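The chain contents come next:
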Number of protein chains: 2
Amino acid sequence: MRKVAIIGVGMTRFGEHWERGFRNLVIEAGVKAVEDAHLQGNELSAGYVGTMASGSLIGQEHIGALLADYMGLNPIPITRVEGACASGSLALRQGFMAVASGMHDIVVVGGVEKMTDLGTEDVSDILGGAGDQEWELFLGATFPGLYALMARRHMHEYGTTEEMLASVAVKNHRNGSKNKYAQFQNEITMETAMNAKVVADPLKMFDCSPITDGAAAIILAPLDMASNYSKKPIEIVASAQASDTIALHSRESLTKLKATEIAVQKAYAQAGFAPKDIDVAEVHDCFTIAEIMAIEDLGFFKKGEGGKASLEGKTSLEGKSKGGIPINTSGGLKACGHPVGATGVKQAVEIAWQLRGEAEGGRQIKDANIGLSHNVGGSGATAVVHIYKKGY
Amino acid sequence: MRKVAIIGVGMTRFGEHWERGFRNLVIEAGVKAVEDAHLQGNELSAGYVGTMASGSLIGQEHIGALLADYMGLNPIPITRVEGACASGSLALRQGFMAVASGMHDIVVVGGVEKMTDLGTEDVSDILGGAGDQEWELFLGATFPGLYALMARRHMHEYGTTEEMLASVAVKNHRNGSKNKYAQFQNEITMETAMNAKVVADPLKMFDCSPITDGAAAIILAPLDMASNYSKKPIEIVASAQASDTIALHSRESLTKLKATEIAVQKAYAQAGFAPKDIDVAEVHDCFTIAEIMAIEDLGFFKKGEGGKASLEGKTSLEGKSKGGIPINTSGGLKACGHPVGATGVKQAVEIAWQLRGEAEGGRQIKDANIGLSHNVGGSGATAVVHIYKKGY
């Protein structure tokens, strides 16, 4: 299989784009990525796009063909993939496979979701379709409730506190304040986070990622062709995916995501890296407890110590100097926003910027050579991990 | 890239499965395919599933993880792909790529749709999301209307008649009557078809494919491992996909599907075959006019002569003796049924049975060595073509 590199990236600002539609968002991201890769457009020979729920959210399926049309890319094949909140990373993985296999050379990968065309209750129900519709959603368990169960159990088993949860939100808002693409570019205090309204006990408003519109895009090429397009190609050195039970009630543990553990072990083996080698990571913080579990399951901290590490600033931009690792420099799902299908692609965009040394606003990590992205579908039934290193 | 073969197939009966759910249907198809390939199940290392609109139809997204769970396949990665009515073929194409690339050896490909949990008007609206939601569906143009426009233009340009359209339905019902998996296993007369109620002039009831529940599955392996599992592996010698505009109003012609033309030309080039080499084909007859356009666009008949060829029986089971080719031996979407995401996979199942000499009920084509499947998304914005030959 061929080595694969990212040669261009682009994204819209994440946020509530009341005045814009699905098509418009994805075109902005796609065109930015094409320009970033110095392509004419006609070099593209295939595409993949991650979208979770466009059928329910905007009445539009057949997203691959729609984008081929509106990006002016007909007749090249563009295929939509869906894996709930991991849809974007699954699109990246299919694009990776298409290039690695030799089936295609230059491939565009997009992620997009337009979520604000409906009311929040409708959106919450639609997102519930990422879990077990028959055993969870139908009985009223939407996502804040499911992650609240995990948080409670993590607190019970490991002494994780509400302050620790809140510290994740404060850190991600601080990072988001430095990112001009973030939905929330304001810092918050511990006090604000701790005093916010309860959504699903113990999760309060700032423990939850928002509803967001947005799109992100990436251009992939074989590594040996990458320097024709980019001065700073970023090699994707691992792409791994694993599955777990769709419903929480079938899991052996509520305090870890087994699919994350399996996917990251595969990814480390593919890349020949260990957790200590990673300089910067974007992880799936749909809720603050999700970031805490992720940084444990990915091997950055021991199981049960993720909350304490967060509170101690070990996951901040300065985390490395404290024996930790910077997590979610973009602001994460929490502050950068979570347009579901776009999130996995945005994570890869942020890592590419970090490894190129182009993360703006004071959030650049010094000497970032190796990065990791971790994207979860639903309550952990899908996990996707990619590892990246400088290809220049 | 490695050569890829089908080593196992399975499907549910297509129909209105009031008493069964989505999960149940896909398990039946998957287990049958696993048994047909003489697998234990633990040899599977990845999967792809095609589903168009499970979010809107049954409130469930994240179908890949759901199936990994309910098929007992955790933690292997299963990924859902969506391309409207071509979702099944897109899943097959991703599976093909996964095996061809060397990334996976034994891969399961599924297609499934559960459509009868909602009323037909709701379903019609949901299916409209396969076209252009903003420019077509929102203004009331559902699929019978879109294909009626194509039919009228084909009649105007080429003298195609309502009798010619009806002859497609009569032939496909005759084939369906020989297929125990078909939704409609009854023959119809020309009189019945011609006197049926008008749905969207000139399309009458029997010109339209039905709303269907069902699932189909296929097991893929590298050709050089295939004989370990199957005495009659079927090699996939071409897999091609192309895109066209999502809305009809942007097309240069209403009487052909350009994406079909482009995809099949690529497929013939990959396989080294021409239309005359194909012994049997499953084509996308969501409406009778769609079959007539397909057999022209695929190169089996000259443009404008598909209707006449159908009326003359050149696409019947005995078509080859009349200078034609047997089309839709399964009964096609029209009579076998059209559970949207399952259709592309079912087409491959039928071709595998034909090339193995195992098509039952009197529909086996003699000396069928090379087969083709053609699956369309929406009104032609996606077209996918696969070509198959005996691998034994």
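Everything quoted here is computed from the prediction, not taken from an experiment.

Asker: What exactly am I supposed to notice about the overall build of chain A here?
Answerer: The secondary structure content of chain A amounts to 14 helices and 11 strands. Over its C-alpha atoms chain A spans a radius of gyration of 19 Å, differing by no more than 12% from the 21 Å that the globule rule assigns to 392 residues. Taken over the C-alpha atoms alone, chain A extends approximately 55 × 45 × 40 Å along its principal axes. Looking at chain A as a whole, 68% of its 392 residues are labelled buried.

Asker: Explain the environment of Thr 192 of chain B to me, please; I cannot follow it from the model alone.
Answerer: Residues and elements named next belong to chain B. Tracing the backbone through its elements, the reader meets Thr 192 in helix α8 (residues 190-194). Residue Thr 192 is classed as partly exposed on the basis of its relative accessible area, which comes to 35%. Between the C-alpha atom of Thr 192 and that of Phe 206, which follows or precedes it by 14 residues, the distance is 8.4 Å. At a separation of 2.8 Å, a polar atom in the side chain of Thr 192 contacts the side chain of Thr 189.

Asker: Would you explain the interface of chain B and chain A in this entry?
Answerer: Many descriptions give the size of an interface as the accessible area lost when the pieces come together. Across the contact, 59 residues belong to chain B and 59 residues belong to chain A. Around 4300 Å² of area is buried between chain B and chain A when both sides are counted, 50% of it from carbon and sulfur atoms. Three residues stand out in chain B for area buried against chain A, namely His 62, Glu 82 and Met 103 of chain B, and they jointly supply 16% of the buried area on that side. Close ionic contact of Arg 23 of chain A with Glu 134 of chain B constitutes a salt bridge, the shortest N to O distance being 3.6 Å. Our count for the chain B to chain A interface comes out at 30 residue pairs in polar contact (both at pLDDT 80 or more). Within the residue set of the side of chain B that touches chain A, elements represented by two or more residues are α2 (54-58), α3 (63-70), β3 (78-82), α4 (87-100), β8 (234-243) and α10 (258-271) of chain B. When the residues that make up the side of chain B that touches chain A are grouped by side-chain class, the tally is 29 nonpolar, 20 polar and 10 charged. Two elements, strand β3 (residues 78-82) of chain A and β3 of chain B, share 3 bridges in a ladder whose sense is antiparallel.

Asker: I keep staring at the relation of the copies chain B and chain A and nothing clicks. Help me out?
Answerer: Superposition of the two copies of the chain requires a rotation about an axis together with a shift along that axis. Superposing chain B onto chain A takes a rotation of 180° combined with a translation of 0.0 Å along the rotation axis, leaving an RMSD of 0.0 Å. In the structure described here, the two chain copies are related by an operation that fits a two-fold rotation axis. Take the interface residues of chain B: 100% of them recur as interface residues in chain A, which is what a same-surface contact looks like.

Asker: Sorry if this is basic, but what is going on with α3 of chain B here?
Answerer: Every α-helical turn comprises 3.6 residues, leaving residues that sit three or four positions apart pointing alike. All names here are of chain B. In terms of burial, α3 is a largely internal element, 7 of the 8 residues being buried. Along α3, the positions that sit buried rather than exposed are Ile 63, Gly 64, Ala 65, Leu 66, Leu 67, Ala 68 and Asp 69. The first or second residue beyond α3 is Gly 72, which carries a positive phi of 70°.

Asker: Would you mind going over the packing of aromatic side chains with me for this structure?
Answerer: The geometry of two aromatic rings is summed up by the distance between their centres and the angle between their planes. Following the criterion strictly, the structure yields 6 aromatic pairs over all chains and no others. Through a chain of ring-to-ring contacts, three or more aromatic side chains come together here, namely Phe 143, Tyr 147 and Phe 287 of chain A.

Asker: Got a minute to help me understand helix α11 (residues 288-297) of chain B in this structure?
Answerer: All names here are of chain B. Burial runs high along α11: 10 of the 10 residues are buried. Turning to α11, its buried residues are Thr 288, Ile 289, Ala 290, Glu 291, Ile 292, Met 293, Ala 294, Ile 295, Glu 296 and Asp 297. Among the residues trailing α11, Gly 299 stands out with phi positive, at a value near 90°.

Asker: Would you mind going over the pairing of strand β11 (residues 382-390) of chain A with me for this structure?
Answerer: A regular strand places its side chains on the two faces of the sheet in alternate fashion. Residue and element names in this part refer to chain A. For β11, the tally of buried residues reaches 7 of 9 residues, placing the bulk of the element in the interior. Sheet topology places strand β8 (residues 234-243) next to β11; 9 bridges connect them, and they run antiparallel. Bridging from a neighbouring strand, Ala 242 pairs with Ala 383 of β11. Relative to β11, strand β10 (residues 370-377) is paired through 8 bridges, and the arrangement is antiparallel. Bridge assignment links Gly 377 to a residue of β11, and that residue is Thr 382.

Asker: It is not clear to me how the pattern of salt bridges should be interpreted in this structure. Could you clarify?
Answerer: Pairing between side chains of opposite charge can happen when the charged atoms of each approach one another. Summed over the entire model, instances satisfying the criterion amount to 58 salt bridges over all chains. Between Lys 114 of chain B and Asp 117 of chain B there is a salt bridge, with its nearest N and O atoms 3.0 Å apart. For Asp 117 of chain B, a relative accessible area of 48% gives the class partly exposed. When salt bridges that share partners are traced, they join Asp 36, Lys 232, Arg 356 and Glu 358 of chain A into one network.

Asker: Can you walk me through the pairing of strand β2 (residues 44-50) of chain B in this structure?
Answerer: Residues and elements named next belong to chain B. When you tally the buried positions in β2, you get 6 out of 7 residues, the bulk of the element. Sheet topology note: the β2/strand β4 (residues 106-113) ladder contains 6 bridges and is parallel. Considered in β4, the bridge of Gly 47 is made with Val 108. In the sheet, β2 pairs with β3 via 4 bridges, with the strands oriented parallel. Bridge pairing in β3 places Gly 47 opposite Ile 78.

Asker: How should the packing of helix α7 (residues 162-176) of chain B against α11 of chain B be read in this particular structure?
Answerer: Each pair of packed helices can be summarised by the angle the axes make with each other and by the distance between the axes. Residues and elements named next belong to chain B. Here α7 crosses α11 at 95°, and the two axes come no closer than 8 Å. In terms of their interaxial angle, α7 and α11 are classed as roughly perpendicular. Together, Met 164, Leu 165, Val 168, Ala 169, Lys 171 and Asn 172 of α7 and Thr 288, Ile 289, Glu 291 and Ile 292 of α11 make up the contact between the two elements. Looking at the contact of α7 with α11 residue by residue, the class counts come to 6 nonpolar, 2 polar and 2 charged.

Asker: Sorry if this is basic, but what is going on with the side chain of Arg 93 of chain A here?
Answerer: Relative to the helices and strands, Arg 93 of chain A is located in helix α4 (residues 87-100). One buried charged side chain, Arg 93 of chain A, makes no salt bridge at all; its nearest oppositely charged neighbour is Asp 105 of chain B, positioned 13 Å away. Engagement of the side chain of Arg 93 of chain A in a polar contact is seen with the backbone oxygen of Ser 239 of chain A, the distance being 2.8 Å.

Asker: Just to check I follow, could you spell out the environment of Ile 278 of chain A for this structure?
Answerer: Residues and elements named next belong to chain A. Within the secondary structure, Ile 278 sits in the loop between α10 (258-271) and β9 (280-282). On the basis of relative accessible area, Ile 278 is assigned to the buried category, the value being 1%. Sequence spacing of Ile 278 and Lys 389 is 111 residues, and the spatial spacing of their C-alpha atoms is 9.3 Å. Beyond its immediate stretch of four places on either side in the chain, Ile 278 contacts Tyr 268, Phe 300, Lys 320, Ile 325, Ile 370, Gly 371, Leu 372 and Ile 387.

Asker: Would you explain unusual backbone geometry in this entry?
Answerer: What is expected of a backbone is that most residues other than glycine have negative phi and most peptide bonds are trans. The omega torsion across Asp 201 of chain A and Pro 202 of chain A is 10°, close enough to zero to call that bond cis. With respect to the helices and strands, Pro 202 of chain A occurs in the loop between β5 (198-200) and β6 (203-204). Even without glycine at this site, Ala 84 of chain A takes up a positive phi of about 55°. Residue placement: Ala 84 of chain A occurs in the loop between β3 and α4. Among the residues examined, Ala 84 of chain A registers a relative accessible area of 0% and is labelled buried. The residue Asn 328 of chain B is not glycine, and still its phi comes out positive at about 60°.

Asker: Would you explain the confidence of the model for chain A in this entry?
Answerer: Should the pLDDT be low somewhere, the predicted coordinates at that spot are not to be read in detail. Across chain A, the average pLDDT comes to 97, with 100% of residues at or above 70. Two summary scores accompany this predicted model of the complex, namely pTM at 0.97 and ipTM at 0.96.

Asker: Where do I start with the state of the cysteines in this structure?
Answerer: Structurally, a disulfide amounts to a covalent bond that connects the sulfur atoms of two cysteines. Residues and elements named next belong to chain B. Considering all chains together, one arrives at 0 disulfides over all chains under this definition. Left without a disulfide partner, Cys 85 is nearest to the cysteine sulfur of Cys 286, which lies 6.5 Å away. For Cys 85, a relative accessible area of 10% corresponds to the buried category. This cysteine, Cys 208, is not joined by any disulfide, and Cys 286 carries the nearest cysteine sulfur, 9.3 Å off. Accessibility expressed as a relative area gives 12% for Cys 208, which makes it buried.

Parameters and conventions
Residues numbered from 1 in each chain as written. Chains lettered and ligands numbered in written order. Predicted model: local features only at pLDDT ≥ 70, side-chain atom pairs only at ≥ 80, totals over all residues. Heavy atoms only, no water. Helix = DSSP H or I, 4+ residues; strand = E, 2+ residues; numbered from the N terminus. Rg over C-alpha atoms; globule rule 2.2 N^0.38 Å. Buried < 20%, exposed > 50% of the residue type's maximum accessible area, 1.4 Å probe, protein only. Polar contact = N/O pair within 3.5 Å; in protein donor to acceptor, adjacent residues only side chain to side chain. Contact = heavy atoms within 4.5 Å. Buried area = accessible area lost by both parts, 1.4 Å probe. Salt bridge = Lys/Arg side-chain N within 4 Å of Asp/Glu carboxyl O. Nonpolar A, V, L, I, M, F, W, Y, C, P; charged D, E, K, R; others polar. Pairing = 2+ DSSP bridges. Least-squares fit on C-alpha atoms with pLDDT ≥ 70 in both. Phe/Tyr/Trp six-rings, centres within 6.5 Å; stacked < 30°, edge-to-face > 60°. Axes fitted to C-alpha atoms, helices over the stretch in contact; angles between N-to-C directions. Parallel < 35°, antiparallel > 145°, perpendicular 65-115°, else oblique. Lys, Arg positive; Asp, Glu negative; His and termini not counted. pLDDT = per-residue confidence, 0-100. Disulfide = S-S within 2.5 Å.

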